Amino acid sequence: FSIKSSQKIFQGLWPLFHSMADRAVFDEAHWAEDSRVNNIMAEVTMETLRRTQGAGHQEPTLWIHDYHLMEVPGIVRRLAGQDGLSCRIGYFMHIPFPPWDMIKIHPWKDIFLQGILGSDLIGFQCQDFALNFIDCCERGRGTRVDRRAMVVEHGAGGRQVRVMACPLGVPF
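So, a few notes on the structure that sits alongside this text. What you see is a predicted model, and the numbers here were worked out from it, not measured in a lab.

What counts as what
- Residues numbered from 1 in each chain as written.
- Predicted model: local features only at pLDDT ≥ 70, side-chain atom pairs only at ≥ 80, totals over all residues.
- Heavy atoms only, no water.
- Axes fitted to C-alpha atoms, helices over the stretch in contact; angles between N-to-C directions.
- Helix = DSSP H or I, 4+ residues; strand = E, 2+ residues; numbered from the N terminus.
- Parallel < 35°, antiparallel > 145°, perpendicular 65-115°, else oblique.
- Left-handed = near helix turned anticlockwise from the far one by under 90°.
- Contact = heavy atoms within 4.5 Å.
- Nonpolar A, V, L, I, M, F, W, Y, C, P; charged D, E, K, R; others polar.
- Buried < 20%, exposed > 50% of the residue type's maximum accessible area, 1.4 Å probe, protein only.
- Lys, Arg positive; Asp, Glu negative; His and termini not counted.
- Salt bridge = Lys/Arg side-chain N within 4 Å of Asp/Glu carboxyl O.
- Pairing = 2+ DSSP bridges.
- Right-handed = clockwise from strand over helix to strand, strands pointing away.

1. Section: the packing of helix α3 (residues 28–52) against helix α4 (residues 72–83)
Argument step 1. Relative to each other, α3 and α4 sit at 40°, their axes nearing to 9 Å. Taken as axis vectors, α3 and α4 run oblique relative to one another. As for how α3 packs across α4, the hand of that crossing is right-handed. Note on element contacts: α4 touches α3 through V72, I75, V76, L79, A80 and D83, opposite N38, N39, M41, A42, E43, T45, M46, L49 and R50.
Argument step 2. Of the residues assigned to the contact of α3 with α4, the class counts are nine nonpolar, three polar and three charged.

Okay, structure coming up:
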């Protein structure tokens, strides 16, 4: 994995998430590389999770940050379930989350929406971005949502995923 390949990977995501659809480039090879990196990160996370499970340890909370790692929460949730491990997963998106009209043109939207929904708590910079995400889950994935409670139901068991606005900054 190199800086040059990472720039290519995100040519489809960064412009789209900043509502510049005309600049987004969707390339299957770049997406495959992105998925490979997300799988590596998830496996490294799982190695740590496996070491921390056991007597005397509290259920760990994992924090996964930004659009580069959108698949990781879903991968970790699946692998942890297979291994009988428990954890709480938080995910924070540091860039805008665009409305459905932007997201729907991404060829692999189902993969990254599913990945993010592996989280227990999902944070966005502002309420608009959080509501955009909820709308994309409802319209794109067909999930049940509660906008008032800021909750998305996910999976066969109806696991509830909390979505919230968490503005970052320094008040002055």
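2. Observations regarding the side chain of E71
Argument step 1. Looking at the secondary structure, you find E71 in the loop between β1 (61–65) and α4.
Argument step 2. The side chain of E71 is buried and forms no salt bridge, while R78, the nearest opposite charge, is found at 8.1 Å.
Argument step 3. Residue contacts for E71: discarding those within four places in its chain leaves W31, D34, S35, N38, I111 and G115.

3. A look at the packing of helix α6 (residues 109–116) against helix α7 (residues 127–141)
Argument step 1. Between α6 and α7, whose axes approach to 11 Å, the crossing angle comes to 125°. As summarised for this structure, α6 and α7 are arranged oblique, according to the angle between their axes. Every pair of crossing elements has a handedness; the one defined by α6 and α7 is left-handed. Along its contact with α6, which presents D110, L113, Q114 and I116, the element α7 presents F133, C136, G140 and R141.
Argument step 2. Here the contact of α6 with α7 is built from residues that sort into four nonpolar, two polar and two charged.

4. Details of the pairing of strand β2 (residues 88–92)
Argument step 1. Counting buried positions along β2 yields four of five residues, so the element is predominantly enclosed.
Argument step 2. With five bridges connecting them, β1 and β2 associate as parallel partners. Within the sheet, the bridge partner assigned to I64 lies in β2 and is Y91.
Argument step 3. Viewed along the sheet, the connection from β1 through α4 into β2 turns out right-handed.
Argument step 4. The pairing of β2 with strand β3 (residues 121–124) spans three bridges and is classified as parallel. From the neighbouring strand, Y91 faces β3, where its bridge partner is I122.

Everything listed here is a matter of geometry and, on its own, says nothing about what the molecule does.
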